[in-house]
Amino acid sequence: MLHEEEIHDEIHEALHTVARVDYTKPIIRNASVPALYEEALTYEKGTALTASGALVTDSGSKKGRSPKDKRVVEEDDSKNNIWWGPVNVPMTENSFMVNRERAIDYLNTRDRLYVFDGFAGWDPKYRIKVRIVCARAYHALFMRNMLIRPTAEELQSFGEPDFTIFNAGEFPANRYTTGMTSTTSVALNFKRREMVILGTQYAGEMKKGIFTVMHYLMPKAGVLSLHSSANEGPNGEVSLFFGLSGTGKTTLSADPHRFLIGDDEHCWSDDGVFNIEGGCYAKTIDLSAEKEPEIFNAIRFGSVLENVVYDDQTRIVDYTSKALTENTRCAYPIDYIPNAKIPCVGGHPTNIILLTCDAFGILPPVSKLTPDQAMYHFISGYTAKIAGTEEGVTEPQATFSTCFGAPFLVWHPVKYATMLAEKMQQHKANAWLINTGWNGGAYGVGKRISLKYSRAIIDAIHNGELAKVEYENYGIFNLSIPKSCPGVPSEVLDPAKSWTGSPESFKANLHKLANLFNENFKTYADKASSAVLAAGPKI
């Protein structure tokens, strides 16, 4: 049986063999929360303790991910599988090795290093072993929260990792290295099973890096990886929620009457669904105990708060402040949520819920989708952002992020969509498109659909009420919409009836949105079936 000193020797040995990491310094592996707090508070500038007991940290100049700086090594094993383009920009093996060498040279200049060994994926059949090698206790604690924490026995028998991240984020990439466009580089090499980070200390790069790895490996194993939240009802029925930022994915999947399987990353296998992560990474801007009590109360000892403003004396956090960034966040273990389901696994989903925030006021609050429509809207990944006021004019801006998570896809989107349709058909899952955006008119004229109504719709889906009502067809988008829904006024359910402007303005907006959908889908038309192409809007 390996003892702590031997494990310590083993980690020195392993890192020296694999990456010539310096033998002579402390390499602190899988440290406890208090030990990582002490390390961060002692050695890392901008780190402090908040009144609630959370560790507050600063991620340096980068306060969010750098998708334009992500690279994937083009090598024989994977080059024919990858969806090359703006999401997956190719990199040569040589450039990767230059960056890797640079990262390890930097790590070797540090007085101490941190290692965290953990798992991605709650199903032991599909989980992968992940090793994080970094120079900041903040990064080690963040990934301690976000990965699945091994037991003492699992740690002793951990062996070689399936994937390693070398995080030298404090040190810049060399802009003259072939393929670099800035001093930031987030590079993935599937053949070497490694990721190298330079020029960004934003911890979310590691979280989404592992998600990208799972997005590649899982479909290879016949398992569908999904950017979604998941919860489970009292009778074991599972719902998946997809949605881009601002659509209500986190809010609507946090239901006091249901168990939370996970808030962001899942896989759907032949056995059911499982969460990829061991924690949650929640936005904290404008957070309050009244609006989101579960998240608010999860911010305590062991949690990591990023880039928030707090009072120097009281150490109370001002969640309304955007002084450092609007992207303030907190990482905490999933068991900090009272109704989390541990282990984070569930059966086959009964309901697939696609969320959108349509600022044009055109999409109905709820539509029941056919499998082809579900594929079409899943590939589209539509929502709308509200543009800032420019000379008094506010214009909604359509955003399409395929599979509701374009930045993390590795295979062509149609591969994920086809797998989703097959699984839905096999397990007879219902699909719904829910608009949490505007009703009665576009942004500036209509009103945002009440959260109360959105919750009533979700409840009616879960308790089966919405399956019993009468449906009608919704014009150009050819959607099936309910004539009634408990707790929702019937006029709200049909945007044509709730529209407060002229019939001409409704028609203009309807055609505008339909054209945006059709234009966007041209990117995927070559790989999509004729049935999926026919599921789009018809003008």
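Residues numbered from 1 in each chain as written. Predicted model: local features only at pLDDT ≥ 70, side-chain atom pairs only at ≥ 80, totals over all residues. Heavy atoms only, no water.

Description of the overall build of the protein chain
Moving on, step 1. What the protein chain contains, in helices and strands, is 15 helices and 31 strands.
Moving on, step 2. C-alpha extents for the protein chain along the principal axes are approximately 75 × 55 × 55 Å.
Moving on, step 3. Residues counted as buried form 58% of the 539 residues belonging to the protein chain.
Moving on, step 4. Partitioning the intrachain contacts of the protein chain with sequence separation of at least 6 by distance along the chain shows that 72% fall at a separation of at least 24.
Moving on, step 5. Of the roughly 21,800 Å² of accessible surface on the protein chain, a fraction of 52% belongs to carbon and sulfur atoms.
Moving on, step 6. Distance between charge centres in the protein chain, computed from 55 positive and 63 negative side chains, equals 4 Å. (Helix = DSSP H or I, 4+ residues; strand = E, 2+ residues; numbered from the N terminus. Buried < 20%, exposed > 50% of the residue type's maximum accessible area, 1.4 Å probe, protein only. Contact = heavy atoms within 4.5 Å. Areas by Shrake-Rupley, 256 points an atom, 1.4 Å probe, with all protein chains shown as cover. Lys, Arg positive; Asp, Glu negative; His and termini not counted. Charge placed at Lys NZ, Arg CZ, Asp CG, Glu CD.)

Digging into the side chain of Glu39
Moving on, step 1. By the secondary structure assignment, Glu39 is in helix H2 (residues 33-43).
Moving on, step 2. By relative accessible area, which is 16% here, Glu39 ends up buried.
Moving on, step 3. Here the side chain of Glu39 touches Arg112 through a polar contact of 3.0 Å, side chain to side chain.
Moving on, step 4. Those residues in contact with Glu39 that lie beyond four places of it in its chain are Ile28, Glu44, Arg112, Tyr114 and Ala137. (Polar contact = N/O pair within 3.5 Å; in protein donor to acceptor, adjacent residues only side chain to side chain.)

Some remarks on the confidence of the model for the protein chain
Moving on, step 1. In this model, the protein chain carries a mean pLDDT of 93, and residues with pLDDT of at least 70 account for 97%.
Moving on, step 2. Between residues 1-6, whose pLDDT stays under 50, and residues either more than four places distant or in other chains, the model counts five contacts.
Moving on, step 3. Across residues 387-393 the pLDDT falls below 50, and counting only partners more than four positions away or on other chains, this stretch makes four contacts in the model. (pLDDT = per-residue confidence, 0-100.)

Examining the packing of H2 against helix H4 (residues 137-146)
Moving on, step 1. Packing of H2 against H4 brings their axes to within 8 Å, and their N-to-C directions diverge by 155°. If you check the angle between H2 and H4, you find them roughly antiparallel. Crossing hand, H2 versus H4: left-handed. Seen from H2, the contacting residues are Val33, Leu36, Tyr37, Glu39 and Ala40; seen from H4, they are Ala137, Ala140, Leu141 and Arg144.
Moving on, step 2. Within the contact of H2 with H4, the residues separate by chemical class into seven nonpolar, no polar and two charged. (Axes fitted to C-alpha atoms, helices over the stretch in contact; angles between N-to-C directions. Parallel < 35°, antiparallel > 145°, perpendicular 65-115°, else oblique. Left-handed = near helix turned anticlockwise from the far one by under 90°. Nonpolar A, V, L, I, M, F, W, Y, C, P; charged D, E, K, R; others polar.)

Notes on the pattern of salt bridges
Moving on, step 1. According to the stated counting rule, one finds 28 salt bridges in the structure shown.
Moving on, step 2. Across the pair Asp264 and Lys207 runs a salt bridge, and its minimum N-O distance is 2.8 Å. Placement of the pair is Asp264 in the loop between strand S14 (259-262) and strand S15 (265-269) and Lys207 in helix H6 (residues 204-220), with a sequence separation of 57 residues.
Moving on, step 3. Glu470 is the partner of Lys483 in a salt bridge, and the nearest nitrogen-oxygen pair spans 3.1 Å. (Salt bridge = Lys/Arg side-chain N within 4 Å of Asp/Glu carboxyl O.)

Describing the sheet that holds strand S6 (residues 113-120)
Two pairing modes exist for strands in a sheet, parallel and antiparallel, and in both the strands are linked by backbone hydrogen bonds.
Moving on, step 1. Strand order in the open sheet made by the eight strands is S1-S6-S7-S8-S10-S9-S4-S5, with mixed pairing throughout. Of all the strands in the sheet, the pair left with one neighbour each is strand S1 (27-29) and strand S5 (89-91). Direction aside, the axes of adjacent strands within the sheet are offset by 25° on average.
Moving on, step 2. Summarising the sheet, strand S4 (residues 70-73) and S5 pair through three bridges and their orientation is parallel. Bridged to Val73 within S5 is Met91. (Pairing = 2+ DSSP bridges.)

So, the sheet that holds strand S2 (residues 48-49)
Moving on, step 1. Spatially, five strands are ordered S2-S3-S18-S21-S17 in an open sheet, and the strand pairing comes out mixed. Of all strands in the sheet, those with a lone pairing partner are S2 and strand S17 (279-283), marking the two edges.
Moving on, step 2. The sheet contact formed by strand S3 (residues 55-57) and strand S18 (residues 304-306) spans three bridges and is parallel. Paired with Val56 across the strands is Leu305, a residue of S18.

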